[in-house]
Amino acid sequence: MRILGLSFDYHEAAAVLMIDGTVVAAALEERFSRIKHDAALPRQAAAFCLKQAGIHAAQLDHVVHYENPLRKFDRIVWSGVRSFPGGLPFLREAATSWLRGGKFRVRERIAEALGVELAKISCGEHHASHAASAFYPSPFDEATVLTLDGVGEYETASISLGRGHRLEKLGTLRLPHSLGLFYSAMTAYLGFHVNGGEYKVMGMAGFGQPTHYPELMKLFRLLPDGTFRLKQNYFDFLTPRALPYRPALVQRFGPARPAESPFAPEEEADETTRRASRHYADLAASVQRCVEEVILHMASKAVARTGVKNLCLAGGVALNSLANGRIQRELGLPLFVQPAAGDAGGAWGAAAHHHHHVLGHPRREPARSALAGAALGRAFSPEELRAALGASGFHRVESFPDDAALVEETARRLAQGAVIGWFQGRSEWGPRALGQRSILADPTRPDMQRIVNERIKFREPFRPFAPAVPAERAAEFFAMPPAVETWRPESFMLAVHRVRPEMRSRLPAVAHADGTARVQAVHREVNPLFHQLLTAFGDLRGVPVLLNTSFNLRDEPMVDSPADALQTFAYSDMDHLVLGRFLVSKGLDL
């Protein structure tokens, strides 16, 4: 049974190929097109998935789009009519966009692009796809499933019970009551791009205090059934056009932060800049606290409703790693989060929901373990790496006979202060670099955060970096539950925990301003080469922890091919690039 799941036409287009219930390939279109958050029909990602499995499109049994476009447009019409007459311009613009973009012809466009019979193509539902993406690859036979995002067709959240191969939806929340849109509106107010800058708000929050939390939290009314109501005083979620917030928000909290404006709450700067930075940081901390409290409310009530403590999360809000850490520490729940929790993960869920829930096929153990390490993208042979190096113009290339020699030399250079691009195996599924397409550096050096932000990534200096640590030693450095199982959020860099006080001075480049870190726990059985590198670095520097960030420059997708990696290496101030067992250098020898 071959099922291709697709997500596109909003953001994070992706393709996932499932064969007999096991995902064999998964990729985001942006990794091929090199367009950040590419929303186009994922022709290249789908072609990769088919090639990886050695099949042609004609051999597919089903192709499933992750949402129902007609129901989605019905919601747009409903929103415009409900806001009459002010909603008419919004409705007119939406209808024009849909007609020009072919969004009413999703099935036909898929058939034309892939060469698949129209009868094989169907459309799922947005939150059903999210729920399936969380439950079916989880380790749980039964679980409470919570989805949270901006909006799908009508729904903004759902609570389901997963048992065996079935998902039973127990309740939903509908527009305009949306936690995801609340966070996105405040993201825009704080000067960042919606559907791409929300994680920057989490970073900014670490510099502030939640002084506005009591006032912002009054906008929410938490209900006994685990949902909530959100007052619309400050927001326009039904018919947003230029901005998702109303003038009342500006009247209450002052002018919105201009994009790219200086942010220096603690550094040497003029008093005006420091005061403005602290104001926006306090707002970010207040918004983040609201989101965490609502998520904890929904999670605890959902578990009480189902009587099942195992919890699965998906939807864009599930990428809120601060909340995920609190769920584990404060609610004590076994937690699984789909690594590509946003709309890209809907492609996984579309295929899984159709295979298990619609067609009734049982779950199998290999299907659940397929996600370990999330390495489901492209891989390249030594010959392909050598060819890319030959075409690159780089001449200082060393080759190593085995992994042990490669690891020893890479660890030595990292310990001496080098910043290294690390390109190994199949690329990661989801937004996090997990040791396949990573930039690595020494976290014990106080200036390393600034160096990587300013000289390597060319991004805002306040942005934090994640520590990668052997799973069996993670609790020595971070106040977190034991990272024994490979499916926990820490395996996918999806939970934030406090750096232990005695370790903060030893890990200054990965300890955020508030003393926290988004931890990646690396398991020897999942990524043995990366685990070996961490151990070797620990032998040299005393801590088996590396600064790990995605291998990309600002506003670019993560690298996927050797050519991508070599180009990014050339444009940045990285010292070395490791491609498989090749080490590329520039500058002076260390």
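Cut-off values and rules
Position numbers for residues count from 1 along each chain, tracking the sequence in the order it is written. Local features in a predicted model are, by the rule used here, given only for residues with pLDDT of at least 70; side-chain atom pairs are given and counted only at 80 or more, and totals for whole chains, interfaces and linings are based on all residues. To obtain the side-chain values, all non-hydrogen atoms of the structure were included, while hydrogens and water were left out. Put simply, DSSP marks the helices as runs of H or I at least four residues long and the strands as runs of E at least two long, and each gets a number from the N terminus on. For every residue, the accessible area obtained with a 1.4 Å probe (protein chains only) is divided by the maximum for its type, and the residue is called buried under 20%, exposed over 50%, and partly exposed between those limits. His is not counted here, nor are the chain ends, while Lys and Arg score as positive and Asp and Glu score as negative. Charged groups are reduced to one reference atom each: NZ for lysine, CZ for arginine, CG for aspartic acid, CD for glutamic acid. Between any two strands, pairing holds if DSSP finds at least two bridges. Only the stretch in contact is used when fitting a helix axis, every axis being a line fitted to C-alpha atoms; angles between N-to-C directions are given from 0 to 180 degrees. Every residue pair with non-hydrogen atoms within 4.5 Å of one another is taken to be in contact. Here the aromatic set is Phe, Tyr and Trp, taking the six-membered ring for Trp, and pairing holds for ring centres within 6.5 Å; pairs whose planes are under 30 degrees apart are stacked, those over 60 apart are edge-to-face, and all others are tilted. Our definition puts a charge over a ring when NZ of Lys or CZ of Arg is within 6 Å of the ring centre and also within 35 degrees of the ring normal. What counts as a domain boundary in this text is fixed by an automatic or database domain assignment. Put simply, buried area is the surface a 1.4 Å probe can reach on two separate parts but cannot reach once they are joined, added for both. Between Lys or Arg on one side and Asp or Glu on the other, a salt bridge is scored when a side-chain nitrogen of the former is within 4 Å of a carboxyl oxygen of the latter. Under this scheme an angle from 65 to 115 degrees is roughly perpendicular, one under 35 degrees roughly parallel, and one over 145 degrees roughly antiparallel; angles in between are oblique. Crossings are assigned a handedness: left-handed for a near helix turned anticlockwise from the far helix by less than a right angle, right-handed for a clockwise turn. Note on residue classes: Ala, Val, Leu, Ile, Met, Phe, Trp, Tyr, Cys and Pro are nonpolar, Asp, Glu, Lys and Arg are charged, and everything else, Gly too, is polar. Definition used in this section: a nonpolar core is a set of buried Ala, Val, Leu, Ile, Met, Phe, Trp, Tyr and Cys residues joined via side-chain atoms within 4.5 Å. Without a salt bridge and with relative accessible area above 30%, a residue can belong to a patch; like charges are then joined within 9 Å and nonpolar side chains (Val, Leu, Ile, Met, Phe, Trp, Tyr) within 5 Å. To be clear on the numbers: accessible area is Shrake-Rupley with a 1.4 Å probe, and residue cover counts the displayed protein chains and nothing else.

### Description of the overall build of the protein
Inference 1: The secondary structure content of the protein amounts to 20 helices and 23 strands.
Inference 2: Along the three orthogonal principal directions, the C-alpha set of the protein runs to about 70 × 65 × 45 Å.
Inference 3: The 590 residues of the protein split such that 61% are buried.
Inference 4: Taking the average place of the 68 positive charges on the side chains of the protein and the average place of its 63 negative ones, the gap between the two points comes to 4 Å.

### Considerations on the sheet that holds strand 22 (residues 576-579)
Inference 1: Ordered in space as 13-23-22-14-15-21-16-20, the 8 strands form an open sheet in which the pairing is mixed. Every other strand in the sheet has two partners, leaving strand 13 (397-399) and strand 20 (520-522) as the edge strands with one partner each. Strand after strand, the sheet turns through a mean of 30° between neighbouring axes, direction not considered.
Inference 2: The pairing of strand 14 (residues 420-423) with strand 22 spans 4 bridges and is parallel. Looking at the pairing, W422 lines up with V578 of strand 22.
Inference 3: This element, helix 16 (residues 403-415), spans strand 13, strand 14, strand 15 (437-441), strand 21 (546-550), strand 22 and strand 23 (582-585) of the sheet and lies at about 150° to strand 14.

### Quick look at the packing of aromatic side chains
Inference 1: All told, the structure shown has 23 aromatic pairs when counted by the stated rule.
Inference 2: Measuring from centroid to centroid gives 4.8 Å for F73 and F104, while their planes differ by 75°, and the two rings are edge-to-face. Of the two residues, F73 sits in helix 3 (residues 69-82) while F104 sits in the loop between helix 4 (88-101) and helix 5 (106-114), which places them 31 residues apart along the sequence.
Inference 3: When the centroid spacing of 6.3 Å and the interplanar angle of 85° are considered together, the rings of Y234 and F235 count as edge-to-face. For the pair formed by Y234 and F235, the shared burial category is buried.
Inference 4: Put simply, the rings of F182, F220, F228, Y234, F235, F237 and F253 touch in pairs and so form one group of aromatic residues.
Inference 5: Residue placement shows R363 over the ring face of F135; its charged tip is 4.2 Å from the ring centre.

### Describing the domain arrangement of the protein
Inference 1: When its domains are assigned, the protein resolves into domain 1 (2-134 + 341-369), domain 2 (174-336) and domain 3 (382-585).
Inference 2: With centres defined by C-alpha atoms, the gap from domain 1 to domain 2 works out at 27 Å.
Inference 3: With 18 residues of domain 1 at the interface, the matching set in domain 2 holds 16 residues.
Inference 4: Interface area for domain 1 against domain 2, summed over the two sides, is near 1400 Å², with a carbon-plus-sulfur share of 61%.
Inference 5: Joining domain 1 to domain 2, the criterion identifies 0 salt bridges.

### Observations regarding the packing of helix 8 (residues 198-205) against helix 11 (residues 271-306)
Inference 1: Viewed as axis vectors pointing N to C, helix 8 and helix 11 meet at an angle of 110°, and their least axial separation amounts to 8 Å. What the angle tells us is that helix 8 and helix 11 run roughly perpendicular. Considering the relative orientation of helix 8 and helix 11, their crossing is left-handed. Between helix 8, through V201, M202, M204 and A205, and helix 11, the contact on the second element is made entirely by Y280, A281, A284, A285 and Q288.
Inference 2: Residue composition of the contact of helix 8 with helix 11, by class: 8 nonpolar, 1 polar and no charged.

### Section: the nonpolar core
Inference 1: Counting 103 residues, the largest nonpolar core has F182, F220 and W429 as the members making the most contacts within it.
Inference 2: It is helix 11 that provides the largest number of residues to this core, a total of 15 residues.
Inference 3: Setting aside anything within four residues of it in sequence, one finds F182 in contact with F220, L230, F235, F237, V287, C290 and V291.
Inference 4: In this structure, V452, V469, A509 and L547 belong to the second largest nonpolar core, which totals 42 residues.

### Details of helix 12 (residues 321-331)
Inference 1: The buried fraction of helix 12 is high, at 8 of 11 residues.
Inference 2: Every buried residue of helix 12 is accounted for by S321, L322, A323, N324, G325, R326, I327 and Q328.
Inference 3: Check the buried side of helix 12 and you find it contacts helix 8, helix 11, strand 11 (311-314), strand 12 (335-337), strand 18 (496-499) and strand 19 (516-518).

### Side note on a nonpolar patch on the surface
Inference 1: A grouping of L70, L99 and F104 is seen on the molecular surface, where their side chains present a nonpolar patch of about 310 Å² in accessible area.
Inference 2: Among the structural elements, L70 can be located in helix 3.
Inference 3: A relative accessible area of 54% means that L70 is categorised as exposed.

### Structural notes on a positive patch on the surface
Inference 1: On the surface, K218, R221, R229 and K231 cluster together into a patch of positive charge.
Inference 2: Relative to the elements of secondary structure, K231 occurs in the loop between strand 10 (228-230) and helix 10 (247-253).

### Details of the pairing of strand 2 (residues 14-19)
Inference 1: Burial runs high along strand 2: 5 of the 6 residues are buried.
Inference 2: Judged from the 6 bridges that link them, strand 1 (residues 2-7) and strand 2 form a sheet pairing that is antiparallel. By the bridge assignment for strand 2, R2 is matched with I19.
Inference 3: Pairing of strand 2 with strand 3 (residues 22-28), which is carried by 6 bridges, proceeds in the antiparallel orientation. When the sheet's bridge partners are listed, L17 is paired in strand 3 with A25.
Inference 4: Two successive antiparallel strands, strand 2 and strand 3, enclose a turn made up of 2 residues, where D20 displays a positive phi of approximately 50°.

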